[in-house]
Amino acid sequence: MGKGVKKVISIKDYNQARRLFGQLDDNLKTIEEKIDVKLIARGSEIKILGSKSEVSLAARVLEELICLLENGDKINERQIKHIIELLQENPEQDCQKIYDEVLQVSYKGREIKPKTLGQKIYVDAMKRYDIVFGIGPAGTGKTYLAVVMAVKNLLNHNVNRIVLTRPAIEAGEQLGFLPGDIQEKVDPYLRPLYDSLFDVLGPERVNQYLEKDIIEVAPLAYMRGRTLDDSYVILDEAQNTTTEQMKMLLTRIGFNSRAVITGDVTQVDLPYSKSSGLNEVKKILKSIEGIEFIYLDETDVVRHDLVRKIIEAYEEHEDNEQHK
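All values derive from a computational prediction rather than experimental measurement.

Trainee: Looking at this model, I keep getting lost on helix α6 (residues 142–155). Mind explaining?
Mentor: Residues spaced three or four apart along an α-helix face the same direction, because each turn holds 3.6 residues. End to end, α6 covers 20 Å across 14 residues, agreeing with the expected 20 Å (1.5 Å per residue, within 8%). The buried fraction of α6 amounts to eleven of the 14 residues, a majority that puts the element mostly inside the structure. Buried residues of α6: K142, T143, L145, A146, V147, V148, M149, A150, V151, N153 and L154, and no others.

Here it is in structure tokens:
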């Protein structure tokens, strides 16, 4: 690392500087690991040492992080690495404009965009990888954004159909006591998937696609023994799959198909004797090229402001219980 160039970044607010540096300067260490510079924090200033190009890149990264903090966002290692990657690809990139990408226009004319940096990372992964796991708490847009990307791929003729599936584990033996035929029995468990489709495409178009089998919404059990070619496959509520079910779904994926698997590992409804397929798959497939795991957190929650606080409170409670 050349140390012929020095630059100093000043932060106006001392508390903001502390959030920027991170606990034990962890955020600065992340930047040093990814960029060949030395960062020295003093009070509310950061001194950057290194070659001209590396110092310039590190300064741009810090400026973007300061902007995020000024907008009320939290920063973490994932966000820092993503901003570095964006600026390495294009040093002139305005990271504040990353939320401006319109993914799709809803049938009511509303522009659908990623609303947080985590959501943008998730969307970018769905563009780049054939199989993506979106893992995170409620309200982070895991399923909704997956449906948006599925519709985008369908309308752009990248795939011929969309397959949406969920494990209907709550049904169990009680399924037979519900009124109606088998489809009417399982539809309540698939309703959130229909809701996302209706919001993007509108009920009339969705129903047309369902009739023509261009869109299929079905319980996970219906996937057994099939090969899904030219399809955009979404497995929702994947934390409630067993290891065997997860393997079954992943091995259904055929030629020219993509899959997004979403779930919240803190909301497992399986019996205690069963392991979550989503928890297991993180260990089994983590090193396979072409598969990406994206972790969303409370900073990506885009529901009511209280939802984020509720998630944080539960996480704090669970941490305290574990330490007892």
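Trainee: Looking at this structure, I do not really get the packing of helix α1 (residues 14–21) against helix α3 (residues 52–70). What am I missing?
Mentor: Packed helix pairs are specified by the crossing angle of their axes together with the interaxial distance, meaning the distance between the axes. Packing of α1 against α3 brings their axes to within 10 Å, and their N-to-C directions diverge by 120°. Taken together, the axes of α1 and α3 lie oblique to each other. By crossing handedness, the relation of α1 to α3 is classed as right-handed. For the pair α1 and α3, the contacting residues are Q16, R19 and L20 in the first and L62, L65, I66, L69 and E70 in the second. Of the residues belonging to the contact of α1 with α3, the class tally is five nonpolar, one polar and two charged.

Trainee: How do you make sense of the side chain of T143 when you look at a structure like this?
Mentor: Inspection of the secondary structure assignment puts T143 in helix α6. Once you skip the residues sitting within four places of it in the chain, T143 turns out to touch L193, D236 and T262.

Trainee: I would appreciate a short explanation of the sheet that holds strand β11 (residues 291–295) in the present structure.
Mentor: In sheet architecture, strand pairing relies on hydrogen bonds along the backbone and comes in two forms, parallel and antiparallel. On the basis of which strands lie adjacent, the open sheet formed by six strands has the order β8-β7-β9-β10-β6-β11 and parallel pairing. One side of each edge strand has no neighbouring strand; the edge strands of this open sheet are β8 (215–219) and β11. On average, each strand axis in the sheet is tilted by 15° relative to the strand beside it, whichever way the strands run. Strand direction decides the pairing type here: strand β7 (residues 161–166) and β8, joined by five bridges, are parallel.

Trainee: Whenever I open this one, the pattern of salt bridges confuses me. Can you help?
Mentor: Between side chains of opposite charge, pairing is possible as soon as their charged atoms come close. The final tally for this structure, using the stated rule, is 15 salt bridges. One salt bridge in this structure joins E101 and K127, with 2.4 Å as the shortest N-O distance. One end of the pair, E101, is in the loop between α4 (77–89) and β4 (104–105); the other, K127, is in helix α5 (residues 117–128), and 26 residues separate them in sequence. Given the relative accessible area of 22%, E101 is considered partly exposed. With a relative accessible area of 36%, K127 lands in the partly exposed category. Salt bridges linked by common partners bring E101, K120, D124 and K127 together as one network.

Trainee: Would you take a moment to explain helix α10 (residues 277–284) for this structure?
Mentor: Those residues of α10 lying buried are G277, L278 and V281. Mapping the buried residues of α10 onto a view down its axis gives an arc of 90°, with all of them on the same face. Packed against the buried residues of α10 are β6 (131–135), α9 (243–250), β10 (258–263) and β11.

Calculation rules
Residues numbered from 1 in each chain as written. Predicted model: local features only at pLDDT ≥ 70, side-chain atom pairs only at ≥ 80, totals over all residues. Heavy atoms only, no water. Helix = DSSP H or I, 4+ residues; strand = E, 2+ residues; numbered from the N terminus. Expected span 1.5 Å × (residues − 1). Buried < 20%, exposed > 50% of the residue type's maximum accessible area, 1.4 Å probe, protein only. Axes fitted to C-alpha atoms, helices over the stretch in contact; angles between N-to-C directions. Parallel < 35°, antiparallel > 145°, perpendicular 65-115°, else oblique. Left-handed = near helix turned anticlockwise from the far one by under 90°. Contact = heavy atoms within 4.5 Å. Nonpolar A, V, L, I, M, F, W, Y, C, P; charged D, E, K, R; others polar. Pairing = 2+ DSSP bridges. Salt bridge = Lys/Arg side-chain N within 4 Å of Asp/Glu carboxyl O. Arc of directions from axis to C-beta.

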